[in-house]
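Examination of the molecular architecture
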Amino acid sequence: MNTYFLFTVNSINNARHILFLALLFIWLFIWLFLGLSPTYAAEEKQLNQTQKDFLESYEALKKGDILDNSALEDYILYPYLEYQLILQHTRLTPDKTLKSYIQRYANSPMAEKLWTIWLGRLVMRKQWQKVIDFSKKDTGGIAARCYYLEASIQQSLAENDKNHDLAKHLKNAKTLWLSPRRRPATCNSLFKLLKQKGHINADAYWRRIALAMDKGKTRLARDLAAHLDSDDQQRVKLWIQLRKNPEKALKENSLLTKQDKSTKSLSAKTSLEKNKQLIVYGVKRLARKKTDLAKTLWAEFQKKYTFSLEQKGEVQSYLGVRDALDHSPYALRALASIPSQNRSEDATVWMARMAIRQGDWQKFLDAYRSMKPEQQQRDVWRYWQAHALSRSGSQKKANSLFKELASDASFYGFLSADRLKSGYQRLLQEPKDWSPCTAKIASLESIKRAVELFKIGKPGLAKKEWFWTLKHLNKQGVLAAAAYAMQIKQPFLSILTVAKTRDWNQVELRFPLQYRQLVESSALKHRIPPAWVYGIMRRESAFDAKIVSSAKAQGLMQVLPSTARGVARKLGITDHSKSDLLVPEKNANIGSAYLSGLLKKFKGNFVKATAAYNAGPSRVSKWAPDFTIDAPRWVESIPFTETRKYVRAVMAYTTIYDHKLHHKQGKNLPLSKRLK
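The rules behind the values
Every chain is numbered on its own, with residues counted from 1 as its sequence reads. Residue-level local features of this predicted model are given only where pLDDT is at least 70; pairs of side-chain atoms are given and counted only at 80 or more, and the full residue set underlies all totals for whole chains, interfaces and linings. Note that water and hydrogens are dropped before the side-chain values are worked out from all heavy atoms of the structure. Secondary structure elements are taken from DSSP: a helix is a run of H or I of four residues or more, a strand is a run of E of two residues or more, and numbering for both begins at the N terminus. Throughout, exposure labels follow a simple rule: accessible area from a 1.4 Å probe, protein chains only, divided by the maximum for the residue type, with under 20% read as buried, over 50% as exposed, and the rest as partly exposed. Here, two residues are considered to be in contact whenever any of their heavy atoms come within 4.5 Å of each other. Residues qualify for a patch when their relative accessible area is over 30% and they have no salt bridge, like charges being joined within 9 Å and the nonpolar side chains of Val, Leu, Ile, Met, Phe, Trp and Tyr within 5 Å. Methods summary: accessible areas were calculated by the Shrake-Rupley approach with a probe of 1.4 Å, and residue burial reflects only the protein chains presented. For salt bridges, the criterion is a side-chain nitrogen of Lys or Arg within 4 Å of an Asp or Glu carboxyl oxygen. Counted charges follow a simple rule, with Lys and Arg positive, Asp and Glu negative, and His plus the chain ends left uncounted. Note that the charge is assigned to NZ on lysines, CZ on arginines, CG on aspartates and CD on glutamates. To define a nonpolar core, start from buried Ala, Val, Leu, Ile, Met, Phe, Trp, Tyr and Cys residues and group those joined through side-chain atoms within 4.5 Å. Confidence of the predictor at the level of single residues is captured by pLDDT, which takes values from 0 to 100.

Structural notes on the environment of Ile200
Checked against the element boundaries, Ile200 lands in the loop between helix H10 (188–196) and helix H11 (202–214). Residue Ile200 is classed as buried on the basis of its relative accessible area of 6%. With 225 residues separating them along the chain, Ile200 and Gln425 place their C-alpha atoms 57 Å apart. Setting aside residues no more than four positions away along its own chain, Ile200 makes contact with Trp177, Phe191, Leu194, Lys195 and Tyr205.

Quick look at the structure:
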């Protein structure tokens, strides 16, 4: 660093020079080491005066201040200033101003929000026909839906039910109310109307409480219970206790065992059924942590109560799944013993997974045949159906299924192609030229606003504009938008955009070669395949270097700060800080080093190392069987849904990136060669 100075400390002979040198060193320290890099300064300089003026006005409006914005009227983001002004003074905004904004900026998410406010005004004035006329299908969310249904019901009632849609509207309104989650206050008048007409009674409240409890919404359940009689309120209290401490609540079950002869609003039979419903719930909750105790208590309750076949199937299914998640050798037999008509969907799926893990292909086929048609069509079950048919001698039918699957750029598609030795035809296709379509996307006003919002550092607003636009495009339009996102250097946005179409074979749009030099240098440094680093990075962050998860994992490879500290110590990095994880080079270095360590720990097993990157090494060691099985079979029995999907995705992504990086040299590996 001394080469940058024309003088040394010894040449300084006065206090002014000493002060100047000290300030210079402090500035350099902040600039180089505390992350205030020149890129941020460059971004600031790139803003022109109009952009700066807009940001100043926008922030002022959010605080309630008003600046003179007349000079910005021709700026593409001027609608946001008008919008903020209306939001700050909604009650004082005249109808004319509100309607004018909605008409001028109809193709914007802001207009949609104000349109909902406009509908609310019409509802307050009981202008029911206008509400119906101005309502739009599938637009405006729950609040707008409530406004429309209230207006439709009121209008039908005013016409003495000459409108035969009244019953349909009442049914739709009740369906909207019957939710495990709270509804906005704007729906209250609709629900009050429903209750007045007798469509929300005690049974309906009980049903909604059950939905809320299944989702863990205990506060909503408690609030809903206020509309029930005292006995049912006590039951809801017990229900909540069963969620929090099922063992204690089940053992101290005076309410569950007493004979309810004094119930005024419910028959003794109905009370008994509700008690059984609570027992089923409590046993399932207990089984989450103490499966064996849950089995014991369930057996005791069956001596006291006569449960229906459906209830028995529900509990047995749940207990069987808990055993399967623990990889109990008896889980498959227990799940297979439940009549298919009483076995839960989850239990059938885990019966299939345990059959795969244990290699019982006949039981797998039994489970497959009892799945619902839409479940059977998932690639995972089609692949294992083909595998089971192959093992049972039906090779021709199996190969036909493998051939269908091999056309997909997916985990099972690649495994199927490997079985047929047909190569990855999907990856060999020439990429489509989207330029004629992207020009049309770029011309849309909402997309122009989104691009400008990205430029001025408002990615949250930009994404709202972007995804609002996607709702109004067909599939080809959405894919063109994804291609345009690539053009404006927003790979994260492109990946999320393609996902809206669920067209997983759009390889070029879903798997960009971002940070190539960084990925290859980090992989080389830590002696792991760059395609694997790419696979992890693509799954973890979709190349958003600034992303932070709810678990506080950060950056390109979503490294936890605690993990990063340990890896940094091993690498001899003494000046590591939490903010380093948001620097691409440092994140890739730490993440690749951690991956390399996991690969060594699991003796070169990419599947186990990948699972460990997601779920932690100790869990993966616990999940390992005491016998040898193929990696794909082991993957299917991973207890964590997130980790199971993660491993499949990363292995497929690794295969795709390996093809992109090495196919021309003939050095890419088939997926099955990377699986132990």
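Some words on a positive patch on the surface
There is a patch of like positive charges on the surface, built from Lys552, Arg565, Arg569, Lys570 and Lys578. Relative to the helices and strands, Lys578 is located in the loop between helix H35 (561–571) and helix H36 (584–601). For Lys578, a relative accessible area of 52% translates into the label exposed.

Focus on the nonpolar core
In terms of nonpolar packing, the biggest core is built from 98 residues, with Phe364, Trp381, Trp532, Met557, Trp634 and Met651 touching the most fellow members. For this core, the leading source of residues is helix H40 (residues 641–662), giving 10 residues. Not counting residues within four places of it along the chain, the set of residues in contact with Met651 comprises Phe411, Trp532, Phe606, Val607, Thr610, Leu671 and Leu675. Judged by nonpolar contacts, the second largest core, of 52 residues, contains Ile86, Ala151, Val451 and Tyr484.

Quick notes on the side chain of Ser410
Structurally, Ser410 can be placed in the loop between helix H24 (395–405) and helix H25 (411–420). Assessed through its relative accessible area of 16%, Ser410 is described here as buried. The residues touching Ser410, leaving out its near neighbours within four places in the chain, are Asp379 and Ala652.

Topic: the confidence of the model for the chain
One rule of thumb: low pLDDT means the predicted coordinates there are not for detailed reading. Chain-level statistics for the chain give a pLDDT mean of 90 and a share of 91% at 70 or above. This stretch, residues 1–44, has a pLDDT under 50; its non-local contacts, to residues over four places away or in other chains, come to 23 contacts. Long-range and interchain partners of residues 259–266, a stretch whose pLDDT sits below 50, account for 11 contacts in this model, where long-range means more than four residues apart.

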